[in-house]
Amino acid sequence: MTKQVQQLDRVIIRFAGDSGDGMQLTGDRFTAETAQFGNDLSTLPNFPAEIRAPAGTLPGVSSFQLHFADHDILTPGDAPNVLVAMNPAALKANIGDLPRGADIIANTDEFTKRNLQKVGYPGNPLEDDSLKEWRLHAVPLTSLTVRALDGFDISKKDAERAKNMFALGLLSWMYNRPTEGTIKFLESKFARKPEIAKANIAAFQAGWNYGETTESFSVSYEIKPATLAPGVYRNISGNQALSYGLIAGAVQAKLPLFLGSYPITPASDILHELSKHKRFGIRTFQAEDEIAGVAAALGASFGGSLGVTTTSGPGVALKAETVGLAVTTELPLIVVDVQRAGPSTGMPTKTEQTDLLMAMYGRNGESPVPVLAPATPSDCFTMAVEAARIAVKYRTPVMLLSDGYLANGSEPWRIPEVSELPDITAPFTTEPNGEDGTYLPFKRDPETLARPWAVPGTPGLEHRIGGIEKADGTGNISYDPDNHDRMVRLRQAKIDGIDVPDLTVDDPGGDARVLVLGWGSTYGPIAAAARRVRAAGHKVAQAHLRHLNPLPANTGEVLRSYDKVLLPEINLGQLAMLLRARFLVDVISYNRVRGLPFKAEELAAVIGEVIESD
Amino acid sequence: MTSAELPASGRTPLNGGLNGKGLALIPRTDAKQTLKDFKSDQEVRWCPGCGDYAILAAVQSFLPELGLRRENIVFVSGIGCSSRFPYYLNTYGFHSIHGRAPAIATGLAASRPDLSVWVITGDGDALSIGGNHLIHALRRNVNLNILLFNNRIYGLTKGQYSPTSEIGKITKSTPMGSLDKPFNPISLALGAEAGFVARTMDSDRKHLQGVLRQAAEHRGASLVEIYQNCNIFNDGAFDTLKDPGTRDEITVRLEHGQPIVFGTGENERAVRLSPTGGVEVVRRAEVSDGEILVHDAHNPDPSLAFALSRLDEPAFEHVPMGVFRSVDRPSYDHLLNEQVATATADKGEGSLADLLHGGDTWTIG
């Protein structure tokens with residue numbers, strides 16, 4: 001049978017199934033094949049907090065969305081072109097996001113009476129005409145897999161479990177993906193169980209062959225590689241990029257990295273990743289609680305390490321007092337907050353930008369800290385290096401605000417050459433800096449206002465620091481009112497004076513009257529929305545803040561040079577409040593707090609409304 | 001069992017052969033040190049008569065004996081009267097926040113095996129707000145010397161009851177008497193299987209310094225409870241242990257390898273195993289020599305040491321002082337650094353370029 005090959009410029013696929021169906025793995029593999037092929041891509045995993053919610057139920061649905069294209073793209077896509085539904089729950093949970101005409105590949109074997117009842121389907125939607133507005137491919141994925149694996153020395157259960165590889169094979173055929181990587185991956189993943197490895201590879205190949213031979217699939221698609229900037233690329237998630245950035249920061253600062261951390265979703269993967277790289281001299285410490293995590297990191301910083309703690313919002317709340325201690329003792333420290341939906345436990349696996357004000361102000365006293373926020377998964381690398389630079393140069397704790405969307409999402413990353421990375425060394429103090437050979441731990445660098453950093457083991461510089469207010473210069477305990485006022489202002493001035501690059505504005509025509517501003521993970525959807533608005537013939541300028549404290553020096557000037565400033569945030573207007581207070585600019589907020597990233601279409605509509613109003 | 005039959009400490013090769021040589025990794029000095037070298041220029045500001053003065057003097061005069069380079073000694077404290085301690089010592093020091101000193105010191109000690117790290121804490125700091133960090137530092141066996149100044153009261157916040165105050169304590173916050181049963185810090189530390197656990201007294205400089213020396217030389221976590229008098233809010237809490245008239249009748253001196261006997265004359269008493277699995281105090285005259293428990297601080301099983309720690313129940317009738325337990329097991333910093341060394345030896349020192357280019361890559365242009 002000759003199959004038709006159709007050219008597409010981009011596709012959005014969503015794999016959805018029970019949390020035990022291996023959808024994240026399937027999505028990861030399809031992503032790897034797609035990256036290998038050279039498309040630009042962006043991913044959005046979406047999974048329940050429950051490790052194994054009851055099988056076949058709506059809360060147990062786990063999904064993975066992948067957007068790939070022959071040109072550079074910015075988001076994991078608003079609406080899927082293809083939904084792979086491994087069971088009725090996956091269909092029901094995702095059909096609402098599926099535009100009419102999209103493809104549905106449904107695993108008919110799981111559409112049993114019992115499974116349909118579990119999610120409240122009165123009849124079988126694959127058999128009535130309720131899905132007639134979509135292109136339905138009803139495929140008995142499980143039984144086809146089991147049949148393909150007939151003759152393998154594995155249990156029926158193991159055979160059934162390989163159905164995700166069958167689905168991956170089918171999709172790989174549909175989109176002409178390279179397969180060697182997945183075969184190699186399966187061989188290595190199941191190296192200790194060669195029969196399981198062979199069975200999974202066989203299921204994967206059977207899926208491919210099924211696509212090629214069955215009449216149900218008459219078309220396959222080709223999406224040409226994207227033309228990205230020259231360089232060596234890899235696909236990387238935000239948490240992995242952030243981990244690598246922390247390692248790079250320590251290497252570039254020539255300091256051993258010490259991570260004190262307590263497991264918490266969605267930050268734990270950074271702890272896992274860093275614990276694998278001890279040969280960089282990295283010490284990882286899984287503490288008894290969030291407080292001990294940051295406290296140990298600060299203790300290590302006192303001893304001359306680059307202390308780091310990684311957590312999510314609830315953990316930041318617990319660490320606040322210790323971060324305050326780091327502020328007043330003026331020691332380097334990196335606090336990574338992978339934000340998640342709150343308040344309290346909130347929705348641990350869902351994303352939000354609601355910790356900005358906590359990062360800025362969530363401590364007692366005047367306690368300024370630099371706050372940074374990466375814009376994309378791969379930008380987590382750059383901003384982690386930047387956090388290390390600021391922490392070391394200015395002897396200060398730094399808050400790095402990632403979020404669940406960045407942490408788990410992935411994109412191709414042009415790997416930087418090590419020689420492109422900044423040298424961020426800031427040597428320890430080894431000689432007395434006061435009169436008569438004394439050491440003044442709070443005598444500041446006149447330019448940066450940073451204090452010297454003399455670590456234990458340095459003869460002649462023995463000194464004491466602590467949480468009690470210190471006399472300017474000597475660091476001795478001081479309750480002097482004027483000294484306190486001076487120290488409060490010095491600590492603030494040090495943070496205010498951090499060298500931060502200017503805010504750049506993307507305004508192709510140079511005469512837009514509306515600026516859409518963002519920070520953190522909203523970069524992709526905002527930029528994609530701006531493209532749509534421009535493609536529709538309107539003018540909009542875009543700017544994105546990655547330094548939130550201090551803000552770039554030209555921020556006020558940029559804001560004031562537009563008639564209107566629109567600021568979408570996945571919170572109730574936290575940055576908007578800061579900008580209004582600081583610059584007296586009437587920022588227009590757009591806020592949705594659904595635990596999900598914005599959609600480009602949604603933001604394009606909002607930008608359009610702002611452009612058209614009055 | 002006689003002292004000759006007691007097993008030697010360090011039965012298993014641990015800590016890379018550092019057992020019993022707890023200071024081996026810390027740089028030493030040949031220069032003669034004196035008490036004066038360890039005094040900082042800061043004015044000591046505890047209430048006149050406070051037991052902390054005696055402890056400070058004992059520490060300042062004992063540190064020179066260790067022969068360590070002063071710059072390799074760090075005192076870390078939390079919050080409370082005792083936590084001012086680091087300011088008065090001319091070493092490195094970190095006066096931190098309430099309860100967190102063991103956690104801060106853990107990061108320091110784990111990353112710097114060349115430091116002698118001392119944690120100064122009190123009964124409130126260590127056992128209330130910082131209780132979690134204390135037990136975890138002990139179970140991990142972080143290379144720390146934790147000095148817990150126990151005055152059985154909150155001093156700095158002006159006189160509320162503490163987690164070691166006796167039940168029924170009348171204080172500002174408990175006008176009708178406190179309700180909660182106190183912690184016994186020694187029992188708690190033994191329950192966490194701390195390697196070195198001892199109790200001593202602020203006013204007994206010789207005993208205090210002897211215990212501190214053993215703690216310093218122990219590689220791993222050491223917990224030293226120091227009974228310390230707060231003459232403002234809980235004066236006389238340990239008078240029966242200090243008064244020459246009662247002292248010898250209630251103090252049970254623990255010495256490794258020695259039969260546990262105390263008291264004088266007709267009141268001489270001994271400790272023996274009780275039928276219920278614990279230990280009990282009996283009149284010396286009523287037991288044979290063989291029945292008397294011989295103290296084995298090096299017993300890997302902490303059960304007997306725990307039983308001894310219960311002898312002060314109820315109400316300080318007899319109070320063991322000295323080293324309850326001193327056993328060697330690998331210290332946390334040793335194990336952590338060994339993993340770093342192993343990873344480096346196995347795969348070579350990390351290369352950033354290789355790390356970044358790991359995994360599946362593709363080239364454009």
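Residues numbered from 1 in each chain as written. Chains lettered and ligands numbered in written order. Predicted model: local features only at pLDDT ≥ 70, side-chain atom pairs only at ≥ 80, totals over all residues. Heavy atoms only, no water.

Naming follows an unreviewed UniProt entry, where chain B appears as 2-oxoglutarate ferredoxin oxidoreductase subunit beta of Microbispora amethystogenes.

Naming follows an unreviewed UniProt entry, where chain A appears as Oxidoreductase of Microbispora amethystogenes.

## Some points on empty space enclosed by the protein
Regions of empty space are outlined by a rolling probe, equal in size to a water molecule, passed over the atoms. Inspection of the entire model under this criterion finds five cavities of 30 Å³ or more. Counted as a void, the largest cavity has a volume near 100 Å³. L44(A), P45(A), T349(A), T351(A) and G595(A) are the residues nearest the centre of the largest cavity, which is lined by 13 residues in total. At the level of secondary structure, the elements contributing two or more residues to the lining of the largest cavity comprise strand 3 (40–46) and helix 15 (404–408) of chain A. Here the residues of the lining of the largest cavity sort into six nonpolar, six polar and one charged. Its boundaries defined by the atoms lining it, the second largest cavity holds a volume of some 90 Å³. Around the second largest cavity, the lining residues are L293(B), V294(B), H295(B), D296(B), A297(B), N299(B), D301(B), L304(B), A305(B), L308(B), F324(B) and R325(B). Every element with two or more residues in the lining of the second largest cavity is listed here: helix 9 (303–309) and strand 11 (319–326) of chain B. A total of three residues in the lining of the second largest cavity trace back to one element, the largest contributor, which is helix 9 of chain B. Of the residues assigned to the lining of the second largest cavity, the class counts are seven nonpolar, two polar and three charged. (1 Å grid on protein atoms, 1.4 Å probe; cavity = no way out; pocket = protein on both sides within 12 Å on 5 of 7 lines; lining within 4 Å. Points joined across faces, edges and corners; volume = space filled by probe spheres on them. Helix = DSSP H or I, 4+ residues; strand = E, 2+ residues; numbered from the N terminus. Nonpolar A, V, L, I, M, F, W, Y, C, P; charged D, E, K, R; others polar.)

## Quick look at the packing of aromatic side chains
Under the criterion given, the structure shown has 25 aromatic pairs over all chains. Ring geometry for W46(B) versus F85(B): centroids 6.1 Å apart, planes at 40°, classification tilted. With W46(B) in the segment before helix 1 (51–66) and F85(B) in the loop between strand 1 (73–77) and strand 2 (92–95), this residue pair connects regions lying 39 residues apart in the sequence. In terms of burial, W46(B) and F85(B) fall into one category: buried. Through a chain of ring-to-ring contacts, the aromatic side chains of W46(B), Y53(B), F62(B), F75(B), F85(B), Y88(B), W118(B) and F149(B) assemble into a single cluster. Over the ring of Y121(A) we find K92(A), and its NZ or CZ is 5.1 Å from the ring centre. Over the ring of F37(A) we find R177(A), and its NZ or CZ is 4.6 Å from the ring centre. (Phe/Tyr/Trp six-rings, centres within 6.5 Å; stacked < 30°, edge-to-face > 60°. Buried < 20%, exposed > 50% of the residue type's maximum accessible area, 1.4 Å probe, protein only. Lys NZ or Arg CZ within 6 Å of the ring centre and 35° of its normal.)

## Section: the UniProt feature "domain: Thiamine pyrophosphate enzyme TPP-binding" (unreviewed entry) in chain B
The positions UniProt marks with the feature "domain: Thiamine pyrophosphate enzyme TPP-binding" (unreviewed entry) are residues 79–226 of chain B. Between the end C-alpha atoms of residues 79–226 of chain B the distance is 17 Å, and the span holds 32% helix and 20% strand. (UniProt positions renumbered as here; feature names shortened; annotations may be inferred.)

## Topic: helix 4 (residues 141–148) of chain A
All names here are of chain A. Listing the buried residues of helix 4 in full gives L141, T142, L144 and T145. Buried positions in helix 4, seen along its axis, are confined to an arc of 165° and lie on one side of it. In the core, the buried residues of helix 4 are packed alongside strand 6 (103–107), strand 7 (135–139), helix 5 (156–161), helix 6 (163–174) and helix 8 (194–213). (Arc of directions from axis to C-beta. Contact = heavy atoms within 4.5 Å.)

## Structural notes on the side chain of T328(A)
Residues and elements named next belong to chain A. Among the secondary structure elements, T328 is positioned in helix 12 (residues 313–329). Side chain to side chain, T328 and K470 meet in a polar contact 2.9 Å long. Ignoring anything within four residues of it in the chain, the contact list for T328 reads F442, G466, G467, K470 and R491. (Polar contact = N/O pair within 3.5 Å; in protein donor to acceptor, adjacent residues only side chain to side chain.)

## A few points about the domain arrangement of chain A
Split into domains, chain A comes out as domain 1 (4–222), domain 2 (234–420), domain 3 (427–499) and domain 4 (505–612). The C-alpha-based centres of domain 3 of chain A and domain 4 of chain A are spaced at 40 Å. (Domains from an automatic or database assignment.)

## Digging into the UniProt feature "domain: Pyruvate/ketoisovalerate oxidoreductase catalytic" (unreviewed entry) in chain A
UniProt tags residues 20–207 of chain A as "domain: Pyruvate/ketoisovalerate oxidoreductase catalytic" (unreviewed entry). Taken end to end, residues 20–207 of chain A is 41% helix and 16% strand, and its two terminal C-alpha atoms sit 20 Å from one another.

## Quick notes on the environment of V327(A)
Residue and element names in this part refer to chain A. In this fold, V327 is placed in helix 12. For V327, a relative accessible area of 7% puts it in the buried group. In this structure the C-alpha to C-alpha distance between V327 and S218, which are 109 residues apart in sequence, comes to 64 Å. Those residues within four positions of V327 in sequence are excluded, and the remaining contacts are S367, P368, V369, P397 and R491.

## Focus: the packing of helix 17 (residues 523–535) of chain A against helix 20 (residues 600–612) of chain A
Residues and elements named next belong to chain A. Where helix 17 meets helix 20, the axes come as close as 8 Å, and the angle between the chain directions of the two elements is 55°. With respect to their mutual orientation, helix 17 and helix 20 come out oblique. In this structure, the crossing between helix 17 and helix 20 has a hand that is right-handed. In this structure, helix 17 uses P525, I526, A528, A529, A530, R532 and V533 to contact helix 20, whose residues at the interface are A600, E601, L603, A604, I607 and I611. Its residues assigned to classes, the contact of helix 17 with helix 20 comprises eleven nonpolar, no polar and two charged. (Axes fitted to C-alpha atoms, helices over the stretch in contact; angles between N-to-C directions. Parallel < 35°, antiparallel > 145°, perpendicular 65-115°, else oblique. Left-handed = near helix turned anticlockwise from the far one by under 90°.)

## Observations concerning the pairing of strand 22 (residues 564–569) of chain A
Residues and elements named next belong to chain A. Along strand 22, six of the six residues are buried, which leaves the element largely enclosed by surrounding structure. In the sheet, strand 19 (residues 514–519) pairs with strand 22 via three bridges, with the strands oriented parallel. Looking at strand 22, one finds that V516 is bridged to L566. Two elements, strand 22 and strand 23 (residues 588–591), share four bridges in a ladder whose sense is parallel. Residue pairing across strands places L567 opposite S589, the latter belonging to strand 23. Handedness of the strand 22-helix 19 (residues 574–583)-strand 23 crossover: right-handed. (Pairing = 2+ DSSP bridges. Right-handed = clockwise from strand over helix to strand, strands pointing away.)

## So, the layout of surface pockets
Residues and elements named next belong to chain A. Looking at the second largest pocket, its volume works out to about 930 Å³. Surrounding the second largest pocket, 43 residues form its lining, L74, A375, T376, D379 and Y523 being those nearest its centre. Elements supplying a minimum of two residues to the lining of the second largest pocket: strand 3, helix 14 (379–394), helix 15, strand 16 (410–414), strand 18 (505–506), helix 17 and strand 20 (541–545). Looking at the lining of the second largest pocket residue by residue, the classes come out as 19 nonpolar, 14 polar and ten charged.

## Focus: unusual backbone geometry
Among all residues except glycine, the phi angle is most often negative; among peptide bonds, the trans geometry is most common. Residues and elements named next belong to chain A. The amide bond that connects G342 to the next residue, P343, takes the cis arrangement and shows omega of 0°. In this chain, N549 is followed by P550 through a cis amide linkage whose omega measures -5°. On the secondary structure map, P550 appears in the loop between strand 21 (547–549) and helix 18 (555–560). Even without a glycine there, the phi angle at N176 is positive, about 50°. Along the chain, the position of N176 falls in the loop between helix 6 and helix 7 (180–189). The exposure class of N176 is partly exposed, given its relative accessible area of 27%.

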